Amino acid sequence: MSRVVATPDSVSAARSQRSRSGVVGSIVEAGKPGITRMVTITALVGFVLSAVGYAGDAARGWGELLALAIACAVGTALSSMGANTLNEWMERDRDALMPRTAHRPLPEQRISPRIALVAGVLESIVGLAILALGANVWAALVSLACIVTYVAIYTPMKLKSPVSVLFGAIPGALPPLIGWAAAGAANGGPTLLQAGGWSLFTLMFVWQIPHFMAIAWMYRADYSLGGFRVLASEDPTGVRTARNMIGWAIVLLPATLMPAWAMPERVGLVYGALAAASWIGFFWLTIGFGRLRTRDAARRVFFASIAHLPLLLLMLVGEAMVRRFVG
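Residues numbered from 1 in each chain as written. Predicted model: local features only at pLDDT ≥ 70, side-chain atom pairs only at ≥ 80, totals over all residues. Heavy atoms only, no water.

Draft legend 1. Geometry of the pattern of salt bridges. Summed over the entire model, instances satisfying the criterion amount to eight salt bridges. One salt bridge connects Asp 95 with Arg 104, and the closest N-O pair in it is separated by 3.1 Å. Its relative accessible area of 1% is what places Asp 95 among the buried residues. Beyond isolated ion pairs, a larger network of salt bridges with shared partners links Glu 29, Glu 108 and Arg 110. (Salt bridge = Lys/Arg side-chain N within 4 Å of Asp/Glu carboxyl O. Buried < 20%, exposed > 50% of the residue type's maximum accessible area, 1.4 Å probe, protein only.)

Draft legend 2. Just a nonpolar patch on the surface, in detail. Taken together, the side chains of Val 137, Trp 138, Leu 141, Leu 144, Val 148, Ile 153, Val 163, Leu 166 and Phe 167 make up a nonpolar region of the molecular surface, amounting to roughly 730 Å² of accessible area. Counting only elements with at least two residues in the nonpolar patch, the list comes to helix H7 (137-157) and helix H8 (164-173). For the nonpolar patch, the element with the highest residue contribution is H7, accounting for six residues. With respect to the helices, strands and loops of the structure, Val 163 is situated in the loop between H7 and H8. Classification of Val 163 as partly exposed rests on a relative accessible area of 44%. (Patch = residues over 30% accessible without salt bridge, like charges linked within 9 Å, V, L, I, M, F, W, Y side chains within 5 Å. Areas by Shrake-Rupley, 256 points an atom, 1.4 Å probe, with all protein chains shown as cover. Helix = DSSP H or I, 4+ residues; strand = E, 2+ residues; numbered from the N terminus.)

Draft legend 3. Molecular detail of the packing of aromatic side chains. The tally for this structure, following the rule as stated, stands at nine aromatic pairs. Ring centres 5.9 Å apart and planes at 20 degrees place the aromatic pair Tyr 150 and Tyr 154 in the stacked group. You can see Tyr 150 and its partner Tyr 154 sitting in helix H7, four residues apart, about one turn around the helix. With respect to class, Tyr 150 is no different from Tyr 154; both count as buried. What links up through ring pairs into an aromatic cluster is the set Trp 198, Phe 201, Phe 205 and Trp 248. In this arrangement the basic side chain of Arg 220 is found over the ring face of Trp 217, its NZ or CZ atom lying 3.8 Å from the centre. The aromatic ring of Phe 325 is capped on one face by Arg 324, whose charged end is 5.4 Å from the ring centroid. (Phe/Tyr/Trp six-rings, centres within 6.5 Å; stacked < 30°, edge-to-face > 60°. Lys NZ or Arg CZ within 6 Å of the ring centre and 35° of its normal.)

Draft legend 4. Representation of the environment of Leu 192 in the model. By the element assignment, Leu 192 lies in the loop between helix H9 (175-183) and helix H10 (195-218). On a C-alpha basis, the gap between Leu 192 and Ala 182 in space is 9.9 Å, while along the polypeptide they are ten residues apart. Among all residues touching Leu 192, those that are not within four sequence positions of it are Trp 138, Val 142, Leu 177, Ala 181 and Trp 198. (Contact = heavy atoms within 4.5 Å.)

Draft legend 5. Examining the packing of H10 against helix H12 (residues 239-262) more closely. Put simply, H10 and H12 touch, their axes get as near as 8 Å, and they point 160 degrees apart. Overall, the two elements H10 and H12 adopt an arrangement that is roughly antiparallel. Like other packed secondary-structure pairs, H10 and H12 cross with a definite hand, here left-handed. Looking at the contact of H10 with H12 residue by residue, the class counts come to 21 nonpolar, six polar and no charged. (Axes fitted to C-alpha atoms, helices over the stretch in contact; angles between N-to-C directions. Parallel < 35°, antiparallel > 145°, perpendicular 65-115°, else oblique. Left-handed = near helix turned anticlockwise from the far one by under 90°. Nonpolar A, V, L, I, M, F, W, Y, C, P; charged D, E, K, R; others polar.)

Right under this line is the structure:
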């Protein structure tokens, strides 16, 4: 097992650079901007795929769609920042024990726990209000479900069982449904009952499992130091981790193709063929991890997963837009 070790000089320099960002910058950092960005993008993917079904409605103009999209993006981003900040507030003591997270604002005392708590609550409330008022109550309720499952269920469960990864995948899979519901605001239809939105949820849910298992294997020592129960830290040989990673990667193929079945008027053969080809490369790397069970092999799976998902989302939106406005 290898570990990146920072020198005292590099740590001091990094801390000095972060300290210059001030309280506001530290609050933003506590909201995990990278994760918030991805959550917002997946919500907007759900929005676009839902909206193309209504784009030709006489009562629905582009200005209205743009206003809904802005409300969806801003509301989702703030809700995500709030949930992430509350997560860091709850785990601040454990984060301080792990090299991977010791540089976060709370362990470094760049903001106080009280400021983080207030910021997390306010961001969540404002985000939910924007979704409810700017889109509809259904989009806000889905976002609320994200916050509750992430903060109240997944966060404490990480200390109790490796099964928590399944509960943690729920808030990560719900954002496309925020956008799906938001795009149907003016139409008034029961958009959350449509198969298209749930096909996106399924895709996101399954994709997260092998993605997280790769992360957990790379940082299994950190998770043990923090007292978090993940499969990788309880599986010294990596055999069970590899078996689960490969199994979920197999399930990812039908989950990847599900949008083509659920939304045949939006995506079809082009998306299905490209998605299957992309999956083959990802699956091959999970097989490689099963053979080697090294940090480098897990790292390859991790990077493949973060390339695979944007490709899928881009292909989904691309074909749906072409079909709607060109074909």
